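Survey of secondary and tertiary structure
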Amino acid sequence: MTATDEELAERVAAVVLAHPSVLRLDGGEYGVVATHLPGRRVTGVRSREDGTPAEVAVVLRLDRPLPELVAELRAEIARVAGRGPVDITVSDVEQAGA
């Protein structure tokens with residue numbers, strides 16, 4: 001994995017976490033949604049062999065319709081990653097104001 005690939009996973013995580021409806025990234029069942037980097041990992045973003053993001057898992061604030069939120073996240077990820085499709089898994093939701 002190149003430095004560019006490492007930076008991409010971190011950029012994707014940052015742009016997802018910046019969305020106001022995202023409470024946190026999630027590793028999914030058994031923590032498999034992660035990009036393993038030298039000495040660390042980016043939980044909630046899993047990359048393909050070529051370094052492009054393949055899956056992002058999130059916990060969302062339920063303040064708007066989920067399809068709308070997922071579409072916004074997908075657009076933001078495409079803006080920073082610019083390559084290939086990304087599966088977004090909504091691992092959990094919390095009520096707005098809870």
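Residues numbered from 1 in each chain as written. Predicted model: local features only at pLDDT ≥ 70, side-chain atom pairs only at ≥ 80, totals over all residues. Heavy atoms only, no water.

Let us look at the nonpolar core. With 22 residues, the main nonpolar core has V12, V16, V56, V58 and I77 as its most contacted residues. For this core, the secondary structure elements donating two or more residues are helix 1 (3–17), strand 1 (22–25), strand 5 (53–62) and helix 2 (66–81). When residues no more than four places from it in sequence are discounted, the contact partners of V16 are V22, L25, V56, V58, L73 and I77. (Core = buried A, V, L, I, M, F, W, Y, C linked by side-chain atoms within 4.5 Å. Buried < 20%, exposed > 50% of the residue type's maximum accessible area, 1.4 Å probe, protein only. Helix = DSSP H or I, 4+ residues; strand = E, 2+ residues; numbered from the N terminus. Contact = heavy atoms within 4.5 Å.)

With 16 residues, helix 2 should cover 22 Å at 1.5 Å per step; its first-to-last C-alpha distance of 22 Å lies within 8% of that length. Taken together, the buried positions of helix 2 are L69, V70, L73, I77, V80 and A81. Seen end-on, helix 2 carries its buried residues on one side only, within an arc spanning 95°. Structural note: helix 2 exposes P67 and R79 on the side pointing more than 90 degrees away from its buried face. One or two positions beyond helix 2, positive phi appears at G82, with a value near 60°. (Expected span 1.5 Å × (residues − 1). Arc of directions from axis to C-beta.)

Mean pLDDT over the chain works out to 87, with 88% of the residues at or above the 70 mark. When pLDDT is averaged over each element of the chain, strand 1 comes out on top at 97 and helix 1 at the bottom at 83. (pLDDT = per-residue confidence, 0-100.)

According to the stated counting rule, one finds six salt bridges in the structure shown. R64 serves as the salt-bridge partner of E68, at 2.6 Å between the closest nitrogen and oxygen. The class of E68 is partly exposed, set by a relative accessible area of 37%. Overall, R64 belongs to the partly exposed group, its relative accessible area being 27%. When the shortest N-O distance is used, the salt bridge between R79 and E76 registers 2.8 Å. With R79 and E76 both in helix 2, this residue pair falls three residues apart, about one helical turn. Owing to a relative accessible area of 57%, R79 belongs among the exposed residues under this scheme. Exposure remark for E76: the relative accessible area of 30% places this residue in the partly exposed category. What you see here is one network of salt bridges that share partners, running through R64, E68 and E72. (Salt bridge = Lys/Arg side-chain N within 4 Å of Asp/Glu carboxyl O.)

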